[in-house]
Amino acid sequence: MSEFPYKVIEDTAKELYIRALKKLPPDVKAALEKAAQKETSPTGKEVLKTVLQNVEVAEKNDMLICQDTGLAIYMVKIGSKLRLDGSKITEALREGCKRATLEHPLRSSVMHTITRKPAPTGTGDGVPIIYYDFLPGADYVDILAVPKGSGSENMSALKMFIPAAGVKAVKKFILDTVVEAGANPCPPTVVGVGLGGTADLCVKLAKEAIARPIGSHNPDPMVAQLEDELLEAINATGIGPMGLGGIISCLAVQIEIAHTHITLNPVAINTQCWPARRARAKVYSDGKVEMGF
Amino acid sequence: MEYHLRAPVTPEDIRKMKVGDKVILDGTLFGIRDATQIRIFDQGVEPPVDLNGHFCIHTAPGVRKIGEHKYEKVCIGTTTSTRMDRFAPGLIEKYGVRGIIGKAGLLEGSVAAMKKFGACYLAIVGGAAALETTQIEEIEEVYWEDLMPECLWKFRVKDFGPLIVAIDAHGNNLYADVKKKVKEHLPKIYQKLGV
């Protein structure tokens, strides 16, 4: 058996980061177009028209949509039919992220958390952020790149409610957090919600939720209904595009859920800005790469 | 209303405008960020260029060096203004800045200074850096290169915008108005959510 093509993983990690920064997924573009049609406030309409124009200019001229290249996140799923060295996958992803930053070049937003000393390579301790999971029966590695800007990431929140507070407290917390964030996360946003698990799993679920295609509902009808209910509530606030007022404040509320402890009731929120950037690739053991979103 | 402006402008030019108006800029635009203003206000270093009558945008541009003190644009976008709020009254009162461009707005002290001296806050569409970059024709000058990328930048822009007057020189603040309305809407939304 020949060795898994780790070099292809590295090249793909580089390409995915850059591509995510330049070309929005079709579902995000469709959601923004729909928002522009639906918005009734003149200022909101103007903002959304500019947003769409920007997306077009970026794609046509091979430019970055937003100057904030963010922190790179790679969500990796490894097919169960593959035999490979996982540590070499991590190494390849880190190298790909670094090469994207230096070779494109991209403005590195990475720095040491205490000294605030810049890390010009776009990589550092724990960065890029890499999550692993497994795909039963698959013969490829699925890599989803999600560059995350700070305007929206700074609006993240976690709350450990008591079980007696129920779903009621959770719903209010989500709405209040979005209202408090106001114009900061560059609305209309995607509001990712994690429910259940431990504190750390809950936050991770919220991140996975923002990485889903816009409009993809949670497969559990009860959770999907909660998504719709919260979207309607957020759009009734009137925050509007860029927080300047209007009926479109949020493109989607997306919830991921896990079971939790008898005495836990955690909720986490991760917000994504209107440029909900992501890019996906499937890498096969023969070196074939399929690009997607 | 829609206004096409070219700096330097006067307080009277700014007082004509009201929140919600649309502005397009041509000509000179200065780029500033946290470090630039820390140098001016916390370290007391005079800016090496006259800002009187001008517009300043909150940015740390992505650039490529092409010569001695010469840079070309790569990607220029706008950052959140709120964290630089404490510098805005000084820019307006001491240096005669007539407009600050950014996203997410400024706070009460800045709103008061804008009213008193005839200045405004112009909201740009955050995240729309590709468009912004194409509207910047040239980086004409860069001062304080040691602060890279948070230097004091002098850009030349064409058809720069659309910008929305979000704080005018009459004490109106669109962000505060929106927040107030949101607060009014909340009880009904809570009721519908059953919370």
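About the cut-offs
- Residues numbered from 1 in each chain as written.
- Chains lettered and ligands numbered in written order.
- Predicted model: local features only at pLDDT ≥ 70, side-chain atom pairs only at ≥ 80, totals over all residues.
- Pairing = 2+ DSSP bridges.
- Helix = DSSP H or I, 4+ residues; strand = E, 2+ residues; numbered from the N terminus.
- Axes fitted to C-alpha atoms, helices over the stretch in contact; angles between N-to-C directions.
- Parallel < 35°, antiparallel > 145°, perpendicular 65-115°, else oblique.
- Left-handed = near helix turned anticlockwise from the far one by under 90°.
- Contact = placed C-beta atoms within 7 Å.
- Nonpolar A, V, L, I, M, F, W, Y, C, P; charged D, E, K, R; others polar.

J.: Explanation requested: the sheet that holds strand S5 (residues 189-195) of chain A in the structure shown.
T.: Residues and elements named next belong to chain A. Taken in spatial order, the four strands make up an open sheet running S4-S7-S5-S6, and their pairing is mixed. Each edge of the sheet is formed by a strand with only one pairing partner; in this case those strands are strand S4 (157-161) and strand S6 (250-257). With strand direction ignored, the average angle separating the axes of adjacent strands in the sheet is 15 degrees. For S5 and S6, the ladder comprises seven bridges, and the chain directions are parallel. Pairing of Thr-189 across the sheet is with Cys-250, part of S6.

J.: Teacher, can you tell me more about the packing of helix H1 (residues 6-22) of chain A against helix H4 (residues 86-103) of chain A here?
T.: Residues and elements named next belong to chain A. Two numbers describe how H1 lies on H4: the axes approach to 7 Å, and their chain directions differ by 40 degrees. With respect to H4, the element H1 is oriented oblique. As for the relative orientation of H1 and H4, their crossing is right-handed in sense. For the pair formed by H1 and H4, the contact residues are Tyr-6, Ile-9, Glu-10, Asp-11, Thr-12, Ala-13, Lys-14, Tyr-17 and Ile-18 on the first element and Lys-88, Ile-89, Ala-92, Leu-93, Glu-95, Gly-96, Cys-97, Arg-99 and Ala-100 on the second.

J.: Explain the sheet that holds strand S2 (residues 129-135) of chain A here, please?
T.: Strand pairing in a sheet is mediated by backbone hydrogen bonds. Such pairs are either parallel or antiparallel. All names here are of chain A. Ordered in space as S2-S1-S3-S8-S9, the five strands form an open sheet in which the pairing is mixed. Among the strands making up the open sheet, the edge pair consists of S2 and strand S9 (289-292). The average angle at which neighbouring strand axes cross in this sheet is 15 degrees, direction not considered. Together, strand S1 (73-79), strand S3 (140-145), strand S8 (279-284) and S9 form the strand contacts of H1, whose direction differs from that of S8 by roughly 165 degrees.

J.: What am I meant to see in the environment of Pro136(A) here?
T.: For Pro136(A), the position within the fold is in the loop between S2 and S3. On a C-alpha basis, the gap between Pro136(A) and Val193(A) in space is 26 Å, while along the polypeptide they are 57 residues apart.

J.: Honestly, the interface of chain B and chain A in this entry has me stumped. Any pointers?
T.: You'll often see interface size given as the accessible area lost when the parts meet. On the side of chain A, 41 residues touch chain B, which itself brings 36 residues to the contact. Elements that contribute at least two residues to the side of chain B that touches chain A include exactly helix H5 (129-135), strand S9 (152-167) and helix H6 (174-193) of chain B. A class-by-class count of the residues in the side of chain B that touches chain A yields 20 nonpolar, 11 polar and five charged.

Bear in mind that shape data such as this cannot, by itself, settle questions of function.
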